[in-house]
Amino acid sequence: MSTEVRAPQVALSGVSKTYGSNPPVLQQIDLTIAKGEFVSLIGPSGCGKSTLLKLISGLTNATSGSILVDGMTPLNARETISYIFQDATLLPWRTVTSNVGLGLELERVSRELRRKKVDTLLELVGLTHVARAYPRQLSGGMKMRVSVARALATTPRLLLMDEPFGALDEMTRDRLNEELLRLRAEQNWTAVFVTHSVAEAVFLSTRIIVLAPSPGRIAQEIKINLPFPRTSVTRESPEFETYVTHVSRALRGVHSA
Amino acid sequence: MKKYAFTLLNALAVFAGLLLLWQGLGVVLHLPPYMLPPPLAVGRAVVARFPSLVASLAITSEEAAGGLVASIVVGVLIALLFAQSRWIRRMLYPYTILLQTVPIVAVAPLILMWVGPGTLSVTLVAFIICLAPIIANTTQGLISVEPNLIHLFLMHNASRLQILTRLRLPHAVPSLFVGIRIAAGISVIGAITGELFAGSSRVGEGGLGYSILYASAQLQTDYLFALVLAATVLGFVFFFLVMFLEWYFLHNWHESARTMTDD
């Protein structure tokens, strides 16, 4: 990554989140994500990584502090954000085509434009051959691909992903990770990615945020300076191994604390 | 295919055996035909009084179908209201349980007294008995949507109406069909129960319930059996009609409809 100054895509300052009278889930989070970054959030369960994602999306409100997405409040920035959930969250009564077009439909994009965009997306993620299938006919990996295509169909500037490939087998996950980076190179969105897998985080990210639990806070930030494009060869490089070891160690430190 | 044929053959064999047993029972025990008419006599009664049997069947099926369709329309509307807030559900839901627990045989005479005898009040009885399962199942379907699907819609700035029409309603269709399946069976029972109290404008002519009462009073036991048979067939037809509709609307995406075709 170059050192030029860019306007931040996401800016959190002094963000805390408390549910009711429980101890805070997140405390005093300061985090700035530049345009084009791929940031992974990693940490033990209960460290508030998913909550952080929900705060940036505006699905929940911060108890204190400020959050800006593209200089706007999360709610006002909704049109520029897409969210990919842990499960594919496809509508079973709709075909693949119709699922991918859902976001555009809800945003009242005309039918012709929708058709064109969906066709392009299906081709991009390699789903054209199952365009008319229903979700139940697809494998887990395919479903997730439909979910990614649906998120990208609305041409987001910010992509929030909450362990999207967590339920998939390792081979499928690796392949989808490579595809995700290819799509990113073509479309240039900013990404915030929640994961449990160190290898996945290192492979995808330009920066990894290690979170510590109770209360959730940022423990460490690790820049990943592996060159793009990253491929399966990247995973075999010694630099990759070094990063994995480094992040794993940071994560262990957080666990034992 | 072979398996189907075998199952069918089995069923037919059992049916034939039962008929033989029935015919034999009357002979062996020397039962008078007005106690247990032999199947042949029932068959003769069906043939001899076919037009009036069909007429009764038509009246009852119209009442049952009318009550069922009305209960679907009204039940879905009430479910839509219930889906709006937990507060509304807490306030009004107990009354739908009341609707289910009140014995229809006890209420039917009341309704006839208020609305007056005739097809309308019988349809109303069928409607009341069908309403509760429709409301309960549809409400369940409308509110049991996965939270992340709601989040997905919210992330695309979906309006409340869009969430209702594109998410909650389609999601509720399988549950609605569970309700309809239950209601279809009891709609026939409701209509017949209503007819037991409704009487008829012309002596000897009315729906199945009325005709059953009339035949029993006249000791026309063979025709009574024919009427019972017709009522059973009507229930079956309703059930399979609903099964077909369910399959038609859901086979593309829902498990409950698929299992009927898969094995």
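Up top is the structure.
Predicted model only: the values in this text are computed from it and were never measured.

A.B. asks: Sorry, what's going on with the sheet that holds strand β4 (residues 64–69) of chain A here?
C.D. replies: For sheets, the rule is that strands pair by backbone hydrogen bonds, running either parallel or antiparallel. Residue and element names in this part refer to chain A. In spatial order, the strands read β2-β1-β4; together these 3 strands make up an open sheet with antiparallel pairing. The open sheet is flanked by β2 (26–34) and β4, the only strands paired with a single partner. Sheet twist, expressed as the mean angle between neighbouring strand axes with direction ignored, is 10°. Two strands pair when backbone bridges link them, and strand β1 (residues 8–17) and β2 are joined in this way by 6 bridges, in the antiparallel orientation. Looking at β2, one finds that V10 is bridged to I33. Sitting on the sheet, helix α1 (residues 49–57) is in contact with β1, β2 and β4, with an inclination near 120° to β1.

A.B. asks: Quick question: what am I supposed to make of the pairing of strand β3 (residues 38–42) of chain A here?
C.D. replies: Residues and elements named next belong to chain A. With 5 of 5 residues buried, β3 is to be regarded as a mostly interior element. Across the two faces of β3 the burial is the same, with F38, S40 and I42 and V39 and L41 all buried. Strand direction decides the pairing type here: β3 and strand β7 (residues 190–194), joined by 4 bridges, are parallel. Bridge assignment links L41 to a residue of β7, and that residue is V194. Here 4 bridges tie β3 to strand β8 (residues 207–212), and the two strands are oriented parallel to one another. Across the sheet, L41 pairs through a bridge with I209, a residue of β8.

A.B. asks: Any chance you could explain the packing of aromatic side chains here in plain terms?
C.D. replies: Between two aromatic rings, the relevant description is the distance of the centres plus the angle of the planes. This structure, assessed with the given rule, holds 13 aromatic pairs over all chains. Centre to centre, the rings of W93 of chain A and W253 of chain B are 5.4 Å apart; their planes meet at 65°, and the pair counts as edge-to-face. In this pair, W93 of chain A is assigned in the loop between β5 (81–84) and α2 (96–100) and W253 of chain B in the loop between α10 (221–250) and α11 (255–262), connecting two distinct chains. The exposure class assigned to W253 of chain B is buried, which follows from its relative accessible area of 12%. With a centroid separation of 5.8 Å and 80° between ring planes, the pair formed by F239 of chain B and F240 of chain B is classed as edge-to-face. Classification of F240 of chain B as partly exposed rests on a relative accessible area of 46%. Cluster of aromatic residues (ring-pair linked, three or more members): F177, F244, W247, Y248 and F249 of chain B. In this arrangement the basic side chain of R184 of chain A is found over the ring face of F228 of chain A, its NZ or CZ atom lying 5.1 Å from the centre. Here R230 of chain A stacks its cationic end above the ring of F228 of chain A, 4.1 Å away from the centre of that ring.

A.B. asks: Explanation requested: the pattern of salt bridges in the structure shown.
C.D. replies: A pair can form between side chains of opposite charge whenever their charged atoms are brought close. Residues and elements named next belong to chain A. Inspection of every chain in the model, using the stated rule, returns 13 salt bridges over all chains. Across the pair E105 and R94 runs a salt bridge whose closest N-O atoms are separated by 2.9 Å. On the criterion of sequence distance, the pair formed by E105 in helix α3 (residues 102–106) and R94 in the loop between β5 and α2 is long-range, its members being 11 residues apart. This pair shows no difference in class: E105 is buried, exactly as R94 is. With a closest N to O distance of 3.3 Å, R145 and E179 form a salt bridge. Of this pair, R145 sits in helix α5 (residues 140–153) while E179 sits in helix α6 (residues 170–187), placing them 34 residues apart in sequence.

Thresholds, definitions, all that
Residues numbered from 1 in each chain as written. Chains lettered and ligands numbered in written order. Predicted model: local features only at pLDDT ≥ 70, side-chain atom pairs only at ≥ 80, totals over all residues. Heavy atoms only, no water. Pairing = 2+ DSSP bridges. Helix = DSSP H or I, 4+ residues; strand = E, 2+ residues; numbered from the N terminus. Axes fitted to C-alpha atoms, helices over the stretch in contact; angles between N-to-C directions. Contact = heavy atoms within 4.5 Å. Buried < 20%, exposed > 50% of the residue type's maximum accessible area, 1.4 Å probe, protein only. Phe/Tyr/Trp six-rings, centres within 6.5 Å; stacked < 30°, edge-to-face > 60°. Lys NZ or Arg CZ within 6 Å of the ring centre and 35° of its normal. Salt bridge = Lys/Arg side-chain N within 4 Å of Asp/Glu carboxyl O.

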